[in-house]
Amino acid sequence: MKKYKYSEITPEQIYNKRRKFIKSIGLGVGSISLSTFPFFGKAYSQNKTDLTTYQDITTYNNYYEFGTGKRDPFKNSKEFKTKPWNVTIEGEVDSPITLSAEEIISLLPSEERIYKLRCVEGWSMVIPWMGFSLSKLLNKVSIRNSAKFVEFESVYDPEQMKGQRYPVLNWPYREGLRIDEAMHPLATVVTGLYRKPLPNQNGAPLRIFLPWKYGFKSAKAIVKIKLVKKMPTSSWMRSSPNEYGFYSNVNPNVSHPRWSQATERIIGEGILSPRIETEMFNGYGDEVANLYSGMDLKKNF
Ligand SMILES: Nc1nc2c(c(=O)[nH]1)N[C@H]1C(S)=C(S)[C@@H](COP(=O)(O)O)O[C@H]1N2
Ligand SMILES: [Mo]
C-alpha cells in the first residue's frame, strides 16, 4: 500500500492534476475562496487510495443529533435549516461578538485543506476540506489573558434533530481545546468539502476540524465559541470519562479501554484491503508535537 505523509496541506502527489488546472485558470493554491471560485466536484480524477469519495464522506457519518447509525445523518439531515445561523464568540473576551455564518464565510476566505480524519472507532477518510484557520476567527475578538481554554458548542434544536430527543449524549454537543491548540494553524473552521458548501451531515454551516485529534473533537454545526479559564468538560468526557479524555490526540500507543488504536481501516477501500498503521498525531506530528512537549500523553489521553 502506498504510504502518504499526511502532514502536507495540499500534497502534490494527490492533487497534481488539480494544481495544474488551478494554475491554468490563474489562481494560486493557498487562497481559493468559496465565493470567488466556481464549484466543480468532478473536474479531477480520484484515486481511491488517495481521497475518500464524496459519496463515502457524505453517507458514512457520525452525527448523533441525527441518529447513531452511520447513514442516519445523511438520511435525517436533508431538511435541516442552516439559515439563518449565528455564531457567538464570548466568555473571557473584551466584547463578545455574534456573526452570521454567511458573514464568517465571506469575511474569511476558505482554502482547500486535505486532511485525514481518524475516528476513535478505528476508521479514517482523506477529505478535501474547504476552510480556514480557527485562529483567524478567534482573532475577531480581543481575548483576555485569563482565557486558557476554548469551548465549542453545537446547535441544540430537538425539533429538527431527532437524536437530541434521546439522552444518547449530554446535549448540546460540547468540545474543548487548550487555547494554544485552538490557535494552531492546522485547527480549522470547515466551510465545505470537495469545493462545495458543507453538506448538512458533515456539520453545515460551520464545523471545527482538528487533523491530529480523533474525529469527535471536531464539533459540527457550531453556534458558540466560549473562551474560558478552566478546562471544559466535553460531552464525551461526561458520558464516559475513562474512555474519552480532554486531549484525545490520535495515538497508536494508547488503547481505548475497549480496543486497540494501533491500526485503522480506510473507508472505501473494501474490507479485504489491509488496515494501515495509525500514526502518532494522525501523521501531523511535525506540526503539532511541540504543543505537548514534556507532557505524559498516556496520562493526558
Ligand atoms: N455535533 C456533533 N459533532 C460531531 C459528532 C456528533 O455526533 N455531533 N460526531 C463526531 C465524530 S465521532 C466524528 S468521527 C466526526 C465525523 O465527521 P464526518 O461525519 O464529517 O466524517 O464528527 C464529530 N463531530
Ligand atoms: Mo468518531
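This text goes with the structure placed above it.
Read on for an overview of the structure. (Residues numbered from 1 in each chain as written. Chains lettered and ligands numbered in written order. Predicted model: local features only at pLDDT ≥ 70, side-chain atom pairs only at ≥ 80, totals over all residues. Heavy atoms only, no water.)

Digging into the site of ligand 1
Stated formally: Nearness is judged by heavy atoms alone; a residue qualifies as near a molecule or strand once a single heavy atom is within 4 Å of it. Counted as a polar contact is a pair of N or O atoms within 3.5 Å, where, for protein atoms, one must be capable of donating a hydrogen and the other of accepting one, and residues adjacent in sequence contribute only when both atoms are in side chains. What sets the accessible areas is the Shrake-Rupley method with a 1.4 Å probe; for residues, cover comes only from the shown protein chains. Points on a 1 Å grid over protein atoms alone make up a cavity when a 1.4 Å probe fits among them but cannot get out, and a pocket when they form an open set with protein on both sides within 12 Å along at least five of seven lines; lining residues each have an atom within 4 Å of a point. Any molecule with more than half of its atoms within 2 Å of a cavity's or pocket's grid points is counted as sitting in it. Each residue receives one of three labels: charged for Asp, Glu, Lys and Arg, nonpolar for Ala, Val, Leu, Ile, Met, Phe, Trp, Tyr, Cys and Pro, and polar for the others, Gly being one of them.
Around ligand 1, the surrounding shell holds 16 residues, and the nearest of these are Asn 61, Tyr 64, Glu 65, Ser 218 and Lys 220. The contact in question runs from a nitrogen atom of ligand 1 to an N or O atom on the side chain of Glu 65, over 2.8 Å. Here Asn 202 contributes a side-chain N or O atom positioned 2.9 Å from an oxygen atom of ligand 1. Protein chains shield 98% of the accessible area of ligand 1, which is 540 Å² for the free molecule. Judged by the fraction of its atoms near the pocket grid, ligand 1 is located in the largest pocket. Considering only residue class, the shell around ligand 1 consists of seven nonpolar, six polar and three charged.

Remarks on unusual backbone geometry
Heads up, the rule is: Put simply, DSSP H or I for four residues or longer makes a helix, DSSP E for two residues or longer makes a strand, and each gets a number counted from the N terminus.
A cis amide bond, omega -5°, links Lys 83 with the succeeding residue Pro 84. Along the polypeptide, Pro 84 turns up in the loop between helix 3 (72–76) and strand 1 (86–91). In this structure, the amide linkage connecting Trp 171 to the following residue, Pro 172, adopts the cis form with an omega of -5°. Non-glycine residue Arg 195 carries a positive phi angle of around 60°. As for its placement among the helices and strands, Arg 195 is situated in the loop between strand 7 (188–193) and strand 8 (196–197).

Here we look at the packing of aromatic side chains
Formally: Geometry of aromatic contacts follows a simple scheme: Phe, Tyr and Trp rings, the Trp one being its six-membered ring, pair when their centres are within 6.5 Å, and the pair is stacked under 30 degrees between planes, edge-to-face over 60, tilted otherwise. Each residue's exposure class comes from its accessible area (1.4 Å probe, protein chains only) as a fraction of the maximum for that residue type: buried when under 20%, exposed when over 50%, partly exposed otherwise.
On inspection of all chains with the given rule, the structure shows 17 aromatic pairs. A centroid spacing of 4.9 Å and a plane angle of 90° characterise the contact between Tyr 63 and Phe 66, whose relative ring orientation is edge-to-face. You can call Tyr 63 buried: its relative accessible area is 2%. For Phe 66, a relative accessible area of 1% corresponds to the buried category.

Looking at the pattern of salt bridges
Stated formally: Salt bridges are defined by distance alone: a side-chain nitrogen of Lys or Arg within 4 Å of a carboxyl oxygen of Asp or Glu.
Summed over all chains, the structure comprises 14 salt bridges. In this structure, the salt-bridge partner of Arg 195 is Glu 112, at a minimum N-O distance of 2.8 Å. Of this pair, Arg 195 sits in the loop between strand 7 and strand 8 while Glu 112 sits in strand 3 (residues 111–118), and the two are 83 residues apart along the sequence. Here Arg 195 and Glu 112 have matching classes, each one buried. Within the structure, one salt-bridge network assembled from shared partners comprises Glu 90, Glu 153, Arg 174 and Lys 224.

What to know about the layout of surface pockets
What counts here: Grid points are joined across faces, edges and corners, and a volume is the space filled by probe spheres set on the points.
Roughly 450 Å³ of internal volume is contained in the largest pocket. What lines the largest pocket is a set of 28 residues, among which Asn 62, Tyr 63, Tyr 173, Gly 215 and Phe 216 lie closest to the centre. Considering every element that reaches the lining of the largest pocket, the biggest residue donor is strand 4 (residues 123–133), with four residues. Class assignment of the residues belonging to the lining of the largest pocket gives a composition of 17 nonpolar, six polar and five charged.

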